[in-house]
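Geometric and topological summary
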Amino acid sequence: MRKLNSGVSLLETMIALMVMGFISVMIASSFGFYGKVFDRDDGHERFIGSAIARNDLSQWVRLMPGAPSIDGVAFALKGSATRMEFATVTDIGGFWVGGATLVSLERHENQLLVSARGALPDGTSHEVQPVIFDGATDLRISYYGTLISNHSKEWQSSWEHPVQLPDLVKIEANGDDGPMVPIVLRPGLNEDQRLRSLSSPAPPG
């Protein structure tokens, strides 16, 4: 029999070190795995947030009213190749549909950022800033229409008219991982559809 005070043999020490090393490798691998999971979840969260922001911007543009101004607030669209701003009436984002919501789009610190400022139903001011595209290296906004009567419509790099809206707005950008999927918007689409339906002849019978 081995004596109780003989100590630990070299073989026992090596086995203990091997077991500890094996456990350490397993722990390190699990941390790496969960880190990748968290990174993937963060990417999915950014993608979902970007999709929601694109949809909100589309709805804000679609809901622009046909009137040039309401209560002194001009609803015309004004834009350049790198910035666009307009006013709309919407409850998207929690805003009060009875008041004007001022919306702008521009690139800020490598993000395509939408800023919407308006009022909540209780009358308090409210602002949201959803991110459409993260990691943007540039921004190109173009407007399809004509600012001069009797001129053919074409894509333009800027737009400023007190009443008339462009037929289309196209938003393009590049990023570190490649180009963003272009966004094409139709300003005042809901109002245009409403007017078309009112001007359509009533069905027979």
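Above this text sits the structure in question.
Residues numbered from 1 in each chain as written. Predicted model: local features only at pLDDT ≥ 70, side-chain atom pairs only at ≥ 80, totals over all residues. Heavy atoms only, no water.

What follows is about the packing of aromatic side chains. All told, the structure shown has two aromatic pairs when counted by the stated rule. Consider the rings of Tyr-144 and Trp-155, whose centres lie 5.3 Å apart with planes at 55°: the pair is tilted. Highlighted residues: Tyr-144 in strand β9 (residues 140-145) and Trp-155 in strand β10 (residues 154-156), separated in sequence by eleven residues. Looking at Trp-155, the relative accessible area reads 38%, which means it is partly exposed. The side chain of Lys-170 reaches across the aromatic face of Trp-155, ending 4.7 Å from its centre. (Phe/Tyr/Trp six-rings, centres within 6.5 Å; stacked < 30°, edge-to-face > 60°. Helix = DSSP H or I, 4+ residues; strand = E, 2+ residues; numbered from the N terminus. Buried < 20%, exposed > 50% of the residue type's maximum accessible area, 1.4 Å probe, protein only. Lys NZ or Arg CZ within 6 Å of the ring centre and 35° of its normal.)

As a further point, take the sheet that holds β10. The strands that make up a sheet are held in pairs by hydrogen bonds between backbone atoms, and each pair lies either parallel or antiparallel. Pairing is antiparallel across the open sheet formed by four strands, whose spatial order is β10-β9-β12-β15. Either end of the sheet is taken by a strand with one partner, and the two such strands are β10 and β15 (183-185). Geometrically, the sheet is characterised by an average inter-axis angle of 25° between neighbouring strands, direction not taken into account. Where strand β12 (residues 168-172) lies against β15, three bridges are found, and the strand directions are antiparallel. From the neighbouring strand, Ile-171 faces β15, where its bridge partner is Ile-183. (Pairing = 2+ DSSP bridges. Axes fitted to C-alpha atoms, helices over the stretch in contact; angles between N-to-C directions.)

We now examine the pattern of salt bridges. For the structure on display, the rule yields four salt bridges. Across the salt bridge formed by Glu-85 and Arg-83, the nearest N and O atoms sit 2.9 Å from each other. Using a relative accessible area of 31% as the deciding quantity, one classes Arg-83 as partly exposed. When the shortest N-O distance is used, the salt bridge between Glu-106 and Arg-83 registers 3.1 Å. Taken together, the residues span a long stretch of sequence, with Glu-106 in strand β5 (residues 101-108) and Arg-83 in strand β4 (residues 83-88) at a distance of 23 residues. Accessibility expressed as a relative area gives 29% for Glu-106, which makes it partly exposed. (Salt bridge = Lys/Arg side-chain N within 4 Å of Asp/Glu carboxyl O.)

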